[in-house]
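# Observations on the three-dimensional arrangement
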Amino acid sequence: MGMSLEARFKKYCDVMVATMQHADREQPGHWYLKGLVLPGGRKSVEPMAARVQPQRVRSAHQSMHHLVAEAHWSDEALLAAVANEVLPKLVRDDEPVWWILDDTGLPKKGKHSVGVAHQYCGQTGKQDNCRVAVTLTLATHEGSLPLAFRLYLPREWTDDEARCRKAGVPEEVAFATKPELAWRQIEAALQAGYPRGTVLADAAYGDETAWREKLAGHGLTYAVGVRPATTVWWGEHQPASTPNPKGGRGRPPNRLRRDAHHQPISVQDLARSLPARSWRTVTWRQGVSGPLRSRFARVRVRAAHRDRPRAQEWLIIEWARDADEPAHYWFSNLPQDMAWQQMIDTLMGRWHIERDYQELKQELGLGHFEGRNWRGFHHHASLCVAAYGFLMLERLSGAKKNSARFTTPALPTDFRPRGAGTDAAPRAMVHRNLPLPTGARRRKDSDPVPMLRPQPVRRNHLVTQ
C-alpha cells in the first residue's frame, strides 16, 4: 500500500528543509510549506501561522518570520532540491522540453520594499508601482516547474547604496538588465545539467541579437519574440521553397536584394508584402471555449546589423485573418525542415508560464510577503516554488485516487489545521483566538479543506488547415 498524502508531504518537506542546514529551521520550514498549500485568502506569515498552529500563533509566527526574513540559507539549494524531485517525473525521453524565460510584476505600495519602482507591471497591464522578478521555467506537455527566480533592481536602486543597504541587498549585486539576469539563469541551468529545451521568450529578450547568438553558441535552439520595427535582410540565399512577395519561387525582385542600394526591411513591412499563399491556419491547442487557432507565415531571414553578417534564421509571423496588423513576430533557429505543426506547437509552449504565474500568485501567495528586505523576498518566493513543486508531483503521479482527492474530497483530518477561525474572521481575531464575528463559525474537523493544485493541462492537438 502506498504512502498517504500526509506521509508524502512530510517526506517532501524533509528534503526541502534539509537544504536549510540547521535543525532549528526544520519545524518552521514544514509549517511554512504547509501554510502555503493549505487554503486561505492570505499567504503572509501571520495568517499562515494562525492556520497551521492556531494554539500557539505568536511563537509560530516568530519562528516562521525568522526563517523567511532573517535566516541565512540558500535559495539556489532549495530550488535545486525541488528540481531534483520534480524533473525526473516531469521530463520524458520522447516529449519536447521548453525553457521559458519571462518576468512577472508584483504590485507593491510605498518605496521602501526592495526593488519597488514605477515600472511596467504585467499583472496590472500598465506602468505601476511594483517589483519585477525574472524567472526561468522548464515545461513539457505534462506540466512545468520554475527553476530560477531573481528580483530585477532598476538603476534607481542600484545607484543608491544607502537604500540598497537598508533593504539588505548584497554588496555584490550590481545593476543588470533583464536579459542579463535571464542569461545567468540559463548558464546555471546548463551547469546543473537540467534537460535541455528550446528557449522561449518575448521581445524584451529576443530583440537582442547578441543574446540570441549566445544561446546558439551554447547549442540551444530558441524561438523568441521580436518587435515589429526589427529589421532583416531578406532574399539572400532564399530557399526555393519560400515564396517571394511577388509570387513564384526563387529570388525576390531587385528592390529586396542586398546590394549597395538595398536597405533592410522591417518585419512588419515584410509581413505586409507576403502573398496570401504564404499563410497557413494552425490550431495548436484546445482551449476552454474552443480550439485556439491563428494564421502563420515563415520565411528565412538574416537579422540586419552593420558590424557583420548574421546567420540565417526563421522569421515566424502570426496574423489573425480578421486583424489589421500581425500579432506576433519570432526569430528562431529551429531546423529548416521542421513541420509547421511542430514549429507552432513549440512557439505556443510559452503559455505554460502564464499558468505558473497565476497559480503562484493566486493560490500560493507569491506576492503576499509583507517584508521589505532582499532575503525575505527571495526566501518566500523559493518556498512558494517548493510548494508548487509538491502539487505538481501529486498531479504527475497519475493515480486516479490522487486526482480524485484533489478535485473533491477534503484532506485527511490530521493534515488540516484545528481550531483556527474561518477566513471571514479578521486576522487580528484569528491571531488572538478571540470569538468570531456574528454569523461566522469555526471550521469543524468534518468540514472539507481541499488542497490547492495546479489546473489540469490538456495535451496539445495540432491541426493544420
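Quick caveat, the model's predicted, so the values are computed rather than measured.

Right, let's talk about the overall build of the chain for a bit. Along the chain, the regular secondary structure elements total 16 helices and 13 strands. Expressed as a percentage of the 465 residues in the chain, the buried residues total 53%. Sequence-distant contacts, at least 24 apart, represent 66% of the contacts inside the chain between residues at least 6 apart. A total of about 22,000 Å² of accessible surface is found on the chain, and carbon and sulfur atoms cover 49% of it.

Another point: the environment of Tyr32. One can find Tyr32 in helix α2 (residues 26-37). If near-sequence neighbours (up to four positions away) are discounted, Tyr32 is found in contact with Val45, Met48, Met64, Leu67, Val68, Phe369, His380 and Leu383.

This brings us to the packing of aromatic side chains. Each aromatic ring pair is characterised by the separation of its centres together with the angle its planes make. What the rule picks out here adds up to 8 aromatic pairs. With centroids separated by 5.5 Å and ring planes inclined at 50°, the aromatic side chains of Tyr12 and Phe390 adopt a geometry described as tilted. Of this pair, Tyr12 sits in helix α1 (residues 5-18) while Phe390 sits in helix α14 (residues 374-396); the two residues are 378 residues apart in sequence, bridging distant segments of the chain. A single burial state applies to Tyr12 and to Phe390, both of which are buried. Each ring, one from Tyr152 and one from Phe175, has its centre 6.2 Å from the other, and the planes form 65°; the classification is edge-to-face. In this pair, Tyr152 is assigned in strand β4 (residues 144-152) and Phe175 in the loop between α7 (161-166) and α8 (178-192), connecting sequence segments 23 residues apart. Cluster of aromatic residues (ring-pair linked, three or more members): Phe9, Tyr12 and Phe390. Sitting over the ring of Trp314, Arg300 keeps its end group 4.9 Å from the ring centre. If you follow Lys361 out to its NZ or CZ, it ends over the ring of Tyr357, 5.7 Å from the centre.

Attention shifts here to the nonpolar core. Tyr32, Trp99, Ile186, Trp211 and Leu383 are the most contacted members of the largest nonpolar core, which has 88 residues in total. With 13 residues, α14 is the single largest residue contributor to this core. Among the nonpolar cores identified, the runner-up in size contains 20 residues, and Trp98, Val282, Leu347 and Met348 belong to it.

Right, let's get into the environment of Glu161. Here Glu161 shows up in helix α7. Residue classification places Glu161 among the exposed residues on the basis of a relative accessible area of 61%. Taking the C-alpha atoms as reference points, Glu161 and Glu171, 10 residues apart in sequence, are found 8.8 Å from one another.

In this section: the packing of α2 against helix α3 (residues 45-52). At a minimum axis separation of 9 Å, α2 and α3 run at an interaxial angle of 95°. Looking at the two axes, α2 sits roughly perpendicular to α3. For the pair formed by α2 and α3, the contact residues are Trp31, Tyr32, Lys34, Gly35 and Leu36 on the first element and Val45, Met48, Arg51 and Val52 on the second. Here the contact of α2 with α3 is composed, by residue class, of 6 nonpolar, 1 polar and 2 charged.

What follows is about the layout of surface pockets. A water-sized probe, rolled over the atoms, reveals where empty space remains. A volume near 790 Å³ is recorded for the largest pocket. Lining the largest pocket are 28 residues, with Asp75, Glu76, Leu79, Phe149 and Arg150 positioned closest to its centre. Its residues assigned to classes, the lining of the largest pocket comprises 16 nonpolar, 6 polar and 6 charged.

Applying the stated criterion across every chain, the model contains 11 salt bridges. Arg8 is the partner of Glu394 in a salt bridge, and the nearest nitrogen-oxygen pair spans 2.8 Å. On the criterion of sequence distance, the pair formed by Glu394 in helix α14 and Arg8 in helix α1 is long-range, its members being 386 residues apart. Assessed through its relative accessible area of 18%, Arg8 is described here as buried. For Arg42, the salt bridge is made with Glu370, and the minimal N-O distance between the two is 3.6 Å.

Right, let's talk about empty space enclosed by the protein for a bit. Applying the stated criterion across every chain, the model contains 5 cavities of 30 Å³ or more. In this structure, the second largest cavity encloses a volume near 80 Å³. Contributing to the lining of the second largest cavity are Leu106, Pro107, Lys108, Arg131, Phe149, Leu366, Gly367, His368, Phe369, Phe377, His380 and Ala381. Sorting the residues of the lining of the second largest cavity by element identifies β1 (98-107) and α14 as the ones contributing at least two each. It is α14 that provides the largest number of residues to the lining of the second largest cavity, a total of 3 residues.

Parameters and conventions
- Residues numbered from 1 in each chain as written.
- Predicted model: local features only at pLDDT ≥ 70, side-chain atom pairs only at ≥ 80, totals over all residues.
- Heavy atoms only, no water.
- Helix = DSSP H or I, 4+ residues; strand = E, 2+ residues; numbered from the N terminus.
- Buried < 20%, exposed > 50% of the residue type's maximum accessible area, 1.4 Å probe, protein only.
- Contact = heavy atoms within 4.5 Å.
- Areas by Shrake-Rupley, 256 points an atom, 1.4 Å probe, with all protein chains shown as cover.
- Phe/Tyr/Trp six-rings, centres within 6.5 Å; stacked < 30°, edge-to-face > 60°.
- Lys NZ or Arg CZ within 6 Å of the ring centre and 35° of its normal.
- Core = buried A, V, L, I, M, F, W, Y, C linked by side-chain atoms within 4.5 Å.
- Axes fitted to C-alpha atoms, helices over the stretch in contact; angles between N-to-C directions.
- Parallel < 35°, antiparallel > 145°, perpendicular 65-115°, else oblique.
- Nonpolar A, V, L, I, M, F, W, Y, C, P; charged D, E, K, R; others polar.
- 1 Å grid on protein atoms, 1.4 Å probe; cavity = no way out; pocket = protein on both sides within 12 Å on 5 of 7 lines; lining within 4 Å.
- Points joined across faces, edges and corners; volume = space filled by probe spheres on them.
- Salt bridge = Lys/Arg side-chain N within 4 Å of Asp/Glu carboxyl O.

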